[in-house]
Amino acid sequence: MPLGQRAGDKSDSRYCGVEVLDFPAGEGLPAVLNHSLASSFDFILAPLVDPNYRPTPGAVLPVSASDLVLGPAQWSNHVVGKISEWIDLDAEDEQLRLDSELTLKQEIAWASHLSLQACVLPAPRRSSCGNYARVVNQILQGLTNMHLWLRLPLEKSEPMDDDLDKLKHNNNALQNEMVDSWELWNSFRLLCDHSSQLCVALDISSTLPSINSLGRWFGEPVRAAILQTNAFLTNGRGYPCLSKRHQKLLTGFFNHSVQVILSGRSNHNVPPVSGGVLLGDENHTEDASVRHALSPYLEYTAYLYRRMDPLPEQERFEINYRDFLQSPLQPLMDNLEAQTYETFEKDVVKYTQYQRAVAKALVDRVPDDAVSTTRTVLMVVGAGRGPLVRASLQAAEETGRKLKVYAVEKNPNAVITLHSLIKLEGWESLVTVISSDMRCWDAPEKADILVSELLGSFGDNELSPECLDGAQRFLKPDGISIPSSYTSFIQPITASKLHNDIKAHKDIAHFETAYVVKLHRIATLAPPQQVFTFTHPDFSPNVSNQRYTKLQFEMPPDMGSCLVHGFAGYFDSVLYKDVHLGIEPNTATPNMFSWFPIFFPLRKPIYVPDRSPIEVHFWRCCAPTKVWYEWAVTAPTPSPIHNSNGRSYWVGL
Ligand SMILES: C[S@@+](CC[C@H](N)C(=O)[O-])C[C@H]1O[C@@H](n2cnc3c(N)ncnc32)[C@H](O)[C@@H]1O
């Protein structure tokens, strides 16, 4: 039974499992599964084979239960396979290594036969696990649907078997020799070439590493958080509860579709909470006489799940866009469709900001004593279907200023809509529609105010600079451009899902393309930094829109190493004076949904060792018919220069 219903959120984190440590005497897997399901768990993590089994020629695999005992739906929906924990593929002992390889392959073959969705691989026993990864990699080549979850402790783990000797001789080395489980994961997945079927199950116990170190996991394919009973504290009434840090981590996991699996022996033998979150359910049928030992922990986990705030309406609307890569729009080269305009026009916040900016500009431009004698000429360039015309007229009404508006639009279809809007609203005496590209329009008079919204997720990536360079010909020398400037930002991120989705195309071009994407399963590794700024108008001679910026990002000192899959990009725009609009996370305009971030991928993810800075270069390149970005990393290790000459991705002029 799911932990709860959260409106709009259908992610797997609703389901909670329980790890089967051993089968009670006389009870096999079917009985344990039934008991767990009856106790409101959704699935079990259970051994598929007798843990005492060692391969012997001719022996039949001693399975926990066969496919005659449980039906296919039960196996596939309610059982995650636990691969035998004794296997040690990097042991010194060759026989142990060979037995381990054979057993691992037999167990996975059996799990595939049962159509399980996933199997948990035991945690590597050593920091060097090349042979383990080799065998898993072989298995991954042959898997169709099943996923493998590599089990790892969520802590700067205890030294591994082969590190112990070193430590005995040098106590001071202890701190440095501690193995960061993320490092283990990283080398394992690199050896398995970023297989999209290799995921992570994190064991959570009582101690947690720093927030920055934990944060890295949100960009990794973590599928399960195995929450140990020893991670729980005891509240005043004797019931299990979690520390604030554990609660926050769990909420983070719930928000990232990570399932909880409870594990360990019960340390809290308490009766059900009356009216408790699970027992309070109408169709709950738990029999108190056979109460599951981990029920109190499940009840607390469900309480944390249900306590989360509902997803805001906007998030619910955008849920299907999470981590979905889209090509950026090219409104200059292409003509947008009605549906796209309609989506833009729903963003009330964006137009409110524009209205505020125009109102302030009008008041600055026309003093109160000149209101009756002055008519301001305002040109909306790239008017689309007219929302900025409306916002400008409303600003005029609000400030009591007189306005003459030109609505310039190059999309002939949007121009038709503009004409009907003006007729419908009775704006014929106020607004003139111009069907033209702003770069070549011969304006009959000069404008006091030029209003445009030609901004992409990265600010200048829809070629606002090139368009406004053309349009400023008809702006008065002291005229105002709204926006007056915009700046792009980037920050390095871990984004294994995005990397795998791009990799699936099996070409370089997709790794040299920028994508618009609602980033979700990512880890941001350092604060965003400014890339390029454009200011309007700019009447200085020989204005160039080419840009080059070199940036250095320092990761937090307590984070540990990380893998950078690419850069998240944003923009912020000053519309007029203190009125701004943008998506840069630190200053993002609340409740505005017109822009998702942009993502610049790296062909080969870059490993950044603990406390090493990453050095990045971004170029904006211009040619007569196109504009494009090139990007590269030079430290800690160089990447190829991406998108040389705009060979894979460019924006048409
Ligand atoms: C991002 S849309 C914004 C439309 C509208 N202002 C809004 O906020 O809904 C940009 C509009 O500018 C138009 N556009 C782009 N480049 C242009 C150019 N050089 N001259 C005229 N219109 C242009 C596009 O056709 C599109 O309608």
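None of the values given here were measured: they were computed from a predicted structure.

Here is what the cut-offs are and how they apply
- Residues numbered from 1 in each chain as written.
- Predicted model: local features only at pLDDT ≥ 70, side-chain atom pairs only at ≥ 80, totals over all residues.
- Heavy atoms only, no water.
- Helix = DSSP H or I, 4+ residues; strand = E, 2+ residues; numbered from the N terminus.
- UniProt positions renumbered as here; feature names shortened; annotations may be inferred.
- Contact = heavy atoms within 4.5 Å.
- Near = heavy atom within 4 Å.
- Polar contact = N/O pair within 3.5 Å; in protein donor to acceptor, adjacent residues only side chain to side chain.
- Areas by Shrake-Rupley, 256 points an atom, 1.4 Å probe, with all protein chains shown as cover.
- Nonpolar A, V, L, I, M, F, W, Y, C, P; charged D, E, K, R; others polar.
- Buried < 20%, exposed > 50% of the residue type's maximum accessible area, 1.4 Å probe, protein only.
- Pairing = 2+ DSSP bridges.
- Phe/Tyr/Trp six-rings, centres within 6.5 Å; stacked < 30°, edge-to-face > 60°.

## With respect to unusual backbone geometry
Inference 1: Cis geometry is adopted by the peptide bond preceding Pro537, which originates at His536 and carries an omega value of -5°.
Inference 2: In this fold, Pro537 is placed in the loop between β21 (529–535) and β22 (547–553).
Inference 3: The amide bond that connects Ala635 to the next residue, Pro636, takes the cis arrangement and shows omega of 10°.
Inference 4: Along the chain, Pro636 falls in the loop between β27 (626–635) and β28 (651–652).
Inference 5: The phi torsion at Ser257 lies on the positive side, around 60°, for a residue other than glycine.

## With respect to the UniProt feature "site: Critical for specifying symmetric addition of methyl groups" (unreviewed entry) in the protein
Inference 1: The residues that UniProt annotates with the feature "site: Critical for specifying symmetric addition of methyl groups" (unreviewed entry) are Phe344.
Inference 2: When sequence neighbours within four positions are dropped, the list of residues in contact with Phe344 reads Leu329, Leu336, Lys350, Tyr351 and Ser594.

## Looking at the site of the ligand
Inference 1: Lining the immediate surroundings of the ligand are 21 residues, of which Tyr341, Tyr351, Glu409, Asp437 and Met438 lie closest.
Inference 2: Separating a nitrogen atom of the ligand from a backbone N or O atom of Gly382 is a distance of 3.0 Å.
Inference 3: At 2.9 Å from a nitrogen atom of the ligand is found a main-chain nitrogen or oxygen belonging to Met438.
Inference 4: Within the complex, 99% of the 590 Å² of free accessible area of the ligand lies under protein.
Inference 5: Sorting the residues of the shell around the ligand by element identifies α12 (338–345), α13 (348–365) and α14 (387–399) as the ones contributing at least two each.
Inference 6: Tallied by class, the residues present in the shell around the ligand amount to 11 nonpolar, 4 polar and 6 charged.

## Regarding the environment of Ser13
Inference 1: Assignment of secondary structure puts Ser13 in the segment before β1 (16–19).
Inference 2: In sequence terms Ser13 and Pro2 are 11 residues apart; their C-alpha atoms lie 8.7 Å from each other.
Inference 3: Once residues lying within four places of it in the same chain are set aside, the contact partners of Ser13 are Leu3, Phe253, Phe254, Ser257, Val258, Gln259 and Tyr305.
Inference 4: For Ser13, the side chain forms a polar contact with the main-chain oxygen of Phe254, separated by 2.8 Å.

## Details of the pairing of strand β13 (residues 375–381)
Inference 1: Counting buried residues along β13, 6 of its 7 residues qualify, which places the element largely inside the surrounding structure.
Inference 2: Sheet analysis places β13 next to strand β14 (residues 402–409), joined by 7 bridges and oriented parallel. Each bridged residue has a counterpart across the sheet, and for Val380 the counterpart in β14 is Ala407.

## Overview of the sheet that holds β27
Inference 1: The strand order β22-β26-β27-β28 describes an open sheet built from 4 strands, whose pairing is antiparallel. Whereas interior strands pair on both sides, the edge strands pair on one side only; in this sheet they are β22 and β28.
Inference 2: Where β27 meets β28, 2 bridges bridge the pair, whose relative direction is antiparallel. Following the sheet pairing, Val627 is matched in β28 by Val651.

## What about the packing of aromatic side chains?
Inference 1: A full pass over the atoms with the stated rule returns 24 aromatic pairs.
Inference 2: Both rings, one in Tyr341 and one in Phe344, keep their centres 6.3 Å apart while their planes meet at 80°; by these two values the pair is edge-to-face. Of this pair, Tyr341 and Phe344 both sit in helix α12, 3 residues apart, roughly one helical turn.
Inference 3: Of the residues examined, Tyr341 reaches a relative accessible area of 8% and is grouped as buried.
Inference 4: A centroid spacing of 5.0 Å and a plane angle of 65° characterise the contact between Phe458 and Phe600, whose relative ring orientation is edge-to-face. Separated by 142 residues along the polypeptide, Phe458 in the loop between β16 (447–452) and α16 (464–471) and Phe600 in strand β25 (residues 598–608) bring together distant segments of the chain.

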